[in-house]
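The residues making up each chain are set out below.
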Amino acid sequence: MYRPFLEYLEAELRTRFGSGKELPSRPIPAGLEKKVGKRGKNPATIESWCYQCEQLRKIRYTYIDAGESAQVFNSVIYPRHHYDIPLLGIDFLSFGKDGKNKILIVLDFQPLFRDEKYIDRYIEPMKKLRDDYKDLAQDLPMKFYDANQYFSKYLLFAKLEDAVSVENRLKLAYKEYLTLYWQMLEKAEPLEDQSDIQRIVKAQKDYDQYSADRDPAHGLFSSYFGNEWANRFLYEFLFEDAEPLAVAGAKR
Ligand code: BLA
């Protein structure tokens, strides 16, 4: 269901950052690139890709294909530490049960800071898009995350009933948000001061810790692929700069 979104992202990355060629890959720890599992009678495959380029330090995306019962496209793009621009976050999910579909879509420029200057520079430019796609910005409450941390006020966040809106509306919105993100990156001024750069290193690491600690997907991963694999996937690949909770807890 979301394959075309993955393919569009790949094509964009190749044209914009790879002179038409595939980008240099960024290694994925052994055993985490792909896994086949199942829950009850439902088989599932999870597959991930990871790249880097001059401007972007980590580009990761994952596809879960469990047929009708689950389709997921998830991605985070981390700019190099000398750019303070937000991370690009994508989480498109579809769960099917008894002929019914639950579709959840989230797309955001995930802010590293919340001061006015930062928000004006990097979040306000999204406002027009959010206004154009109000149907995909439903102001839903968050159960797992805090909407005021690493989410912007102009995120797309919607529950949809059918795949028609994904095809008709999300596809358009997705392309426009991505284009705006590339423009923002193009315009971004590289930081030069070591202390400014270190501030980004820390903010990106804090994002990983926050996200790993709250990830609502752990249950999904462990139900299909086992608890041990789920932990490794979270802490060694998705949010590799986070420390597993037990370790972080012991150090505090
Ligand atoms: C919610 N994301 C979810 C849920 C799942 C995932 C299972 C809960 C759906 C439900 O309410 O039933 C799935 N999350 C994943 C998967 C991965 C993951 C498969 O990290 C990794 C492969 N989540 C992100 C990113 C964003 C994001 C980058 O990973 C930002 C755009 C957002 N996901 C997000 C939000 C919710 C969500 C805002 C709703 C959570 C809430 O209600 O607090």
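Heads up: the structure comes first, above all this text.
Residues numbered from 1 in each chain as written. Predicted model: local features only at pLDDT ≥ 70, side-chain atom pairs only at ≥ 80, totals over all residues. Heavy atoms only, no water.

Enquirer: What exactly am I supposed to notice about the site of the ligand here?
Expert: Among the 26 residues in the neighbourhood of the ligand, the closest are listed as Asn74, Asp91, Lys143, Phe144 and Asp215. A distance of 2.9 Å separates an oxygen atom of the ligand from a polar side-chain atom of Lys102. Between Phe144 and the ligand, the recorded distance is 2.5 Å, taken from a backbone N or O atom to an oxygen atom. Within the complex, 94% of the 860 Å² of free accessible area of the ligand lies under protein. When each cavity is represented as a set of grid points, the ligand is found to reside in the largest pocket. (Near = heavy atom within 4 Å. Polar contact = N/O pair within 3.5 Å; in protein donor to acceptor, adjacent residues only side chain to side chain. Areas by Shrake-Rupley, 256 points an atom, 1.4 Å probe, with all protein chains shown as cover. 1 Å grid on protein atoms, 1.4 Å probe; cavity = no way out; pocket = protein on both sides within 12 Å on 5 of 7 lines; lining within 4 Å. Sits in = over half its atoms within 2 Å of the grid points.)

Enquirer: Explain the packing of aromatic side chains here, please?
Expert: Describing an aromatic ring pair means giving the distance of the ring centres and the angle of the ring planes. On inspection of all chains with the given rule, the structure shows 27 aromatic pairs. A ring pair is formed by Phe109 and Tyr181, whose centres lie 5.1 Å apart and whose planes are at 70°; its orientation type is edge-to-face. Of the two residues, Phe109 sits in strand β6 (residues 100-110) while Tyr181 sits in helix α4 (residues 163-187), which places them 72 residues apart along the sequence. Among the residues examined, Phe109 registers a relative accessible area of 0% and is labelled buried. (Phe/Tyr/Trp six-rings, centres within 6.5 Å; stacked < 30°, edge-to-face > 60°. Helix = DSSP H or I, 4+ residues; strand = E, 2+ residues; numbered from the N terminus. Buried < 20%, exposed > 50% of the residue type's maximum accessible area, 1.4 Å probe, protein only.)

Enquirer: I tried to follow the nonpolar core on my own but got confused; where do I start?
Expert: The nonpolar side chains of a soluble globular protein tend to be buried with one another. Membership of the largest hydrophobic core comes to 85 residues, with the highest contact counts inside it found for Phe73, Phe92 and Ile105. The greatest single-element share of this core, amounting to 11 residues, is contributed by α4. Ignoring any residue separated from it by four or fewer positions in sequence, one finds Phe92 in contact with Tyr2, Phe5, Gln71, Val72, Phe73, Leu104, Ile105, Val106, Leu107, Leu170 and Tyr174. (Core = buried A, V, L, I, M, F, W, Y, C linked by side-chain atoms within 4.5 Å. Contact = heavy atoms within 4.5 Å.)

Enquirer: Would you explain the sheet that holds β6 in this entry?
Expert: Hydrogen bonds along the backbone pair up the strands of a sheet, which may run parallel or antiparallel. The strand order across the open sheet formed by seven strands is β1-β2-β3-β4-β5-β6-β7, and the pairing between neighbours is antiparallel. Here the strands that pair on one side only, and so sit at the sheet edges, are β1 (34-39) and β7 (156-160). Within this sheet the neighbouring strands show an average axis-to-axis angle of 10°, counted without direction. With five bridges connecting them, β6 and β7 associate as antiparallel partners. Bridge pairing in β7 places Ile103 opposite Leu160. In this fold α4 packs onto β3 (56-66), β4 (70-79), β5 (87-97), β6 and β7, with an angle of close to 10° to the strand it touches most, β6. In the packing of helix α5 (residues 194-214) onto the sheet, the strands contacted are β3, β4, β5 and β6, and the crossing angle to β4 comes to about 160°. (Pairing = 2+ DSSP bridges. Axes fitted to C-alpha atoms, helices over the stretch in contact; angles between N-to-C directions.)

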